[in-house]
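What follows is the residue order along each chain.
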Amino acid sequence: MFLTPYFLKKDDQFQFTRQQASHFAKKVAGDYNPIHDEDNKRFCVPGDLLFAVLLQKEGISEKMRFDFSGMVGDGIGLRIENKNDNQSVVVDENGKEYLTVERQGSVNTDAEFIEHVVTNYVQFSGMNFPHIMVPLMEQEQMMINCQRPLVIYESMEVEFNRLDLHKPQVDFTGATFDVDGKRGVVTLNFAFMENGEVVGNGVKRMVASGLKPYEHDAVADLVTRFNARKESFLADVAETVAA
């Protein structure tokens, strides 16, 4: 499976190294959030990688809701615990919960379909900064802490009209930024399209904390640093491939 390079598996457990999680974020999702850098003190595994492994193991249901309740560090042994027919949870060996999924409807376990949906979704999900977040912050005149940016995945919901699909594409359909003091909730809406038809839809929610009044220069500097880090990583990858 395409996720094999991005997690370690032993018996019924799985875990992630810093490099695996960081490379998934950058190579697959196009997500250059510093919190996923290998050397970041606040490092955590991307929520989209947890989501992807869960779908690979359990398939895609017609209706799903994912709730993230903890940040996963490197080397933490995880397993999937089925609470009932409609609910599974990712837990560590101490029983701490990190991700819960609730399901309804039929299930598609076709590996190619799952890979296509996961890849399309995480590439959409990873583009939230700067493409979506920056215009939202400017509109609301509030911004994240540009020196220590922190935006956390809270939840995601997906609903398909049917599952006899092949290669649905994710289309961005709009976003909102609801600010309450120093905390804000970013909501991304999207649709699944196949052959020009809407075959499903979804919502992703993220929580931004430590908000402060918008400063154009600070945001512009953050975007410049983001692009520089992206270019540096891609150059290193190209060098490694060439060698």
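Preceding this section is the structure that the text describes.
Here we summarise the structure given alongside this text.

What counts and how
Residues numbered from 1 in each chain as written. Predicted model: local features only at pLDDT ≥ 70, side-chain atom pairs only at ≥ 80, totals over all residues. Heavy atoms only, no water. Helix = DSSP H or I, 4+ residues; strand = E, 2+ residues; numbered from the N terminus. Buried < 20%, exposed > 50% of the residue type's maximum accessible area, 1.4 Å probe, protein only. Contact = heavy atoms within 4.5 Å. Areas by Shrake-Rupley, 256 points an atom, 1.4 Å probe, with all protein chains shown as cover. Core = buried A, V, L, I, M, F, W, Y, C linked by side-chain atoms within 4.5 Å. Phe/Tyr/Trp six-rings, centres within 6.5 Å; stacked < 30°, edge-to-face > 60°. Lys NZ or Arg CZ within 6 Å of the ring centre and 35° of its normal. Arc of directions from axis to C-beta. Polar contact = N/O pair within 3.5 Å; in protein donor to acceptor, adjacent residues only side chain to side chain. Salt bridge = Lys/Arg side-chain N within 4 Å of Asp/Glu carboxyl O.

**Section: the overall build of the chain**
Inference 1: Helices and strands together make up the secondary structure of the chain, namely five helices and 12 strands.
Inference 2: Taken over the C-alpha atoms alone, the chain extends approximately 50 × 40 × 40 Å along its principal axes.
Inference 3: Split into buried and exposed, the 243 residues of the chain put 50% on the buried side.
Inference 4: If you take every contact in the chain between residues at least 6 apart in sequence, the share linking residues at least 24 apart comes to 68%.
Inference 5: Accessible surface for the chain amounts to roughly 12000 Å². Of this, 46% is attributable to carbon and sulfur atoms.

**So, helix H1 (residues 18-28)**
Inference 1: The buried fraction of H1 amounts to eight of the 11 residues, a majority that puts the element mostly inside the structure.
Inference 2: Of the residues trailing H1, Gly30 is marked for its positive phi of about 65°.

**Focus on the environment of Lys167**
Inference 1: Here Lys167 is to be found in the loop between strand E8 (151-160) and strand E9 (169-180).
Inference 2: Distance from Lys167 to Pro34, taken between C-alpha atoms, is 31 Å for residues 133 residues apart in sequence.
Inference 3: Ignoring any residue separated from it by four or fewer positions in sequence, one finds Lys167 in contact with His116, Met193 and Glu194.

**A few points about the nonpolar core**
Inference 1: Core analysis: the biggest nonpolar cluster contains 72 residues, and Phe66 and Met137 have the highest contact counts within it.
Inference 2: Met137 has contacts with Phe129, Met142, Met143, Ile144, Phe177, Tyr214 and Val219, leaving out every residue within four places of it along the chain.

**Re the packing of aromatic side chains**
Inference 1: Applying the stated rule across the entire model yields 16 aromatic pairs.
Inference 2: Taking the centre distance of 6.1 Å and the plane angle of 70° together, the rings of Tyr32 and Phe233 count as edge-to-face. Taken as a pair, Tyr32 in the loop between H1 and helix H2 (47-58) and Phe233 in helix H5 (residues 216-242) lie far apart in primary sequence, 201 residues in all.
Inference 3: Under the relative-accessibility criterion, Phe233 is labelled buried at 14%.
Inference 4: The ring centre of Phe233 lies 5.8 Å from the NZ or CZ of Lys26, which sits over that ring.

**Quick notes on helix H4 (residues 133-140)**
Inference 1: Listed as buried for H4 are Met133, Val134, Leu136 and Met137. For H4, the angular spread of the buried residues around the axis is 165°, confining them to a single face.
Inference 2: Looking at the residues trailing H4, positive phi occurs at Gln141, about 55°.

**Details of the side chain of Lys26**
Inference 1: Following the sequence through the fold, Lys26 ends up in helix H1.
Inference 2: Looking at Lys26, its side chain comes within polar contact range of the side chain of Asp37, at 2.9 Å.
Inference 3: Residue contacts for Lys26: discarding those within four places in its chain leaves Asp31, Tyr32, His36, Asp37 and Phe233.

**Things to note about the pattern of salt bridges**
Inference 1: Evaluation of the coordinates by the stated rule reveals 13 salt bridges.
Inference 2: In this structure, the salt-bridge partner of Glu81 is Arg79, at a minimum N-O distance of 3.4 Å.
Inference 3: The partly exposed category is assigned to Glu81, whose relative accessible area is 29%.
Inference 4: Linking Arg162 and Glu197 is a salt bridge whose minimum nitrogen-to-oxygen distance equals 3.2 Å. With Arg162 in the loop between E8 and E9 and Glu197 in strand E11 (residues 197-208), the pair connects residues that are 35 residues apart, well separated along the chain.
Inference 5: Counted as one network, the salt bridges with shared partners bring together Arg65, Asp67, Glu157 and Arg205.

Geometric descriptors of this kind do not, in isolation, establish any biological role.
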